[in-house]
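Notes for the structure review
Below are the chains, spelled out letter by letter.
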Amino acid sequence: MSVKPWRSVLYVPGDKPRAIEKARTLHADAVILDLEDAVAPEHKDAARGNVKEALAWRWPGPLLVRVNGLGTPWEHSDREMALLAGVDGLVLPKVEDARTVRDLHLRVPLWAMIETPLGVLRAPEIAAVPGVAGLIVGANDLARALRTRPHPQRLPLLQALSAVVLAARAHGKVPLDAVFNDVRDAQGFARECEQGRMLGFAGKTVIHPDQVAAANAIFGVGETEAEDARALLAAWQEARAAGKSVATYRGALIEQMHVDAAQEVLELWEATRS
């Protein structure tokens, strides 16, 4: 099985040509060119032109476009431009209905943003749609809709965050954690990345170049973790060669599920070496 890393997924406003060009050099696992929230209404057309031009460039990883939502004046023009220009995937904001997603008949992977209470409740149905590649949490809109108060550990949102991870993982889709707003707070960003990985997210959506390296490190595989996975596999292979059905590693019983997890760790480590 080939593992595609999604450790860092960088949002770049579509009306910022210099930022778009710089994004190709920042080592994010994927980039989202944004035509929605980051672009004022009077700049939508210019941003669409910038994104169309950028889609013709060579990018080191997947290039996604966040289009304006259903029912907006720009939705059809955004989707048509992105599809004709050869985008790697579309990010659709405020998805709340699996039928709507299914009826779009898109020819590219769709990333559904879960950023409303109804979206969270219907996340399993949305994730089950064949064309959906992953779920992206939009925590700012979700927190506002839930009337929560800010909390450094995101306690008011934990149930919703876990629900999105559960829905995505149940259907073999990629769960991506929400952005961290304070680009000056590196410590807080790292803490939130650690929490996101603990919850089961594959990576973090980021809004600033300085956040990319930290997300890559925390959601990635370090040398120590890779070495531990190799040692576990060696213990398993030694036990199997001796005719045993189970093995122990560092005093703990290991079974096939632990072997599968170790192999996935090494595949991710290999995928992020270049």
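Structure's up top.
These remarks concern the structure in this document.

1. What to know about helix H11 (residues 223-241)
Over its 19 residues, H11 extends 27 Å from the first C-alpha to the last, a length consistent with the 27 Å expected when each residue adds 1.5 Å. Those residues of H11 lying buried are Ala226, Ala229, Leu232, Leu233, Ala235, Trp236 and Ala239. Backbone geometry just after H11 places Gly243 at a positive phi near 85°.

2. Topic: the nonpolar core
Of all hydrophobic cores here, the largest spans 60 residues; its most connected members are Leu33, Val65, Leu90 and Leu135. Ranked by residue count, the leading element in this core is helix H8 (residues 158-170), at six residues. Setting aside anything within four residues of it in sequence, one finds Leu135 in contact with Trp111, Ala112, Ile114, Ala123, Ile126, Ala127, Val164, Ala167, Ala168, Val174, Pro175 and Leu176. In this structure, Leu232, Ile254, Val259 and Val265 belong to the second largest nonpolar core, which totals 18 residues.

3. Notes on the pairing of strand S1 (residues 8-13)
Among the six residues of S1, five are classified as buried, and the element is accordingly described as predominantly covered. Across three bridges, S1 lies against strand S8 (residues 203-206) in parallel orientation. Among the inter-strand pairings, Val9 is bridged to a residue of S8, identified as Thr205. With five bridges joining them, S1 and strand S2 (residues 30-34) adopt parallel strand pairing.

4. Structural notes on the pairing of strand S4 (residues 89-92)
The side chains of a regular strand alternate, residue by residue, between the two faces of the sheet. The side-chain alternation of S4 yields two buried faces, one formed by Gly89 and Val91 and the other by Leu90 and Leu92. Pairing between strand S3 (residues 63-66) and S4: three bridges, direction parallel. Counterpart to Leu64 in the pairing with S4 is Gly89. For the crossover from S3 across helix H3 (residues 75-85) to S4, the handedness is right-handed. With three bridges connecting them, S4 and strand S5 (residues 110-114) associate as parallel partners. Residue Leu92 lies in a different strand from S5, and its bridge partner there is Ala112. Handedness of the crossover joining S4 and S5 through helix H4 (residues 98-103) is recorded here as right-handed.

Cut-offs used in this document
- Residues numbered from 1 in each chain as written.
- Predicted model: local features only at pLDDT ≥ 70, side-chain atom pairs only at ≥ 80, totals over all residues.
- Heavy atoms only, no water.
- Helix = DSSP H or I, 4+ residues; strand = E, 2+ residues; numbered from the N terminus.
- Expected span 1.5 Å × (residues − 1).
- Buried < 20%, exposed > 50% of the residue type's maximum accessible area, 1.4 Å probe, protein only.
- Core = buried A, V, L, I, M, F, W, Y, C linked by side-chain atoms within 4.5 Å.
- Contact = heavy atoms within 4.5 Å.
- Pairing = 2+ DSSP bridges.
- Right-handed = clockwise from strand over helix to strand, strands pointing away.

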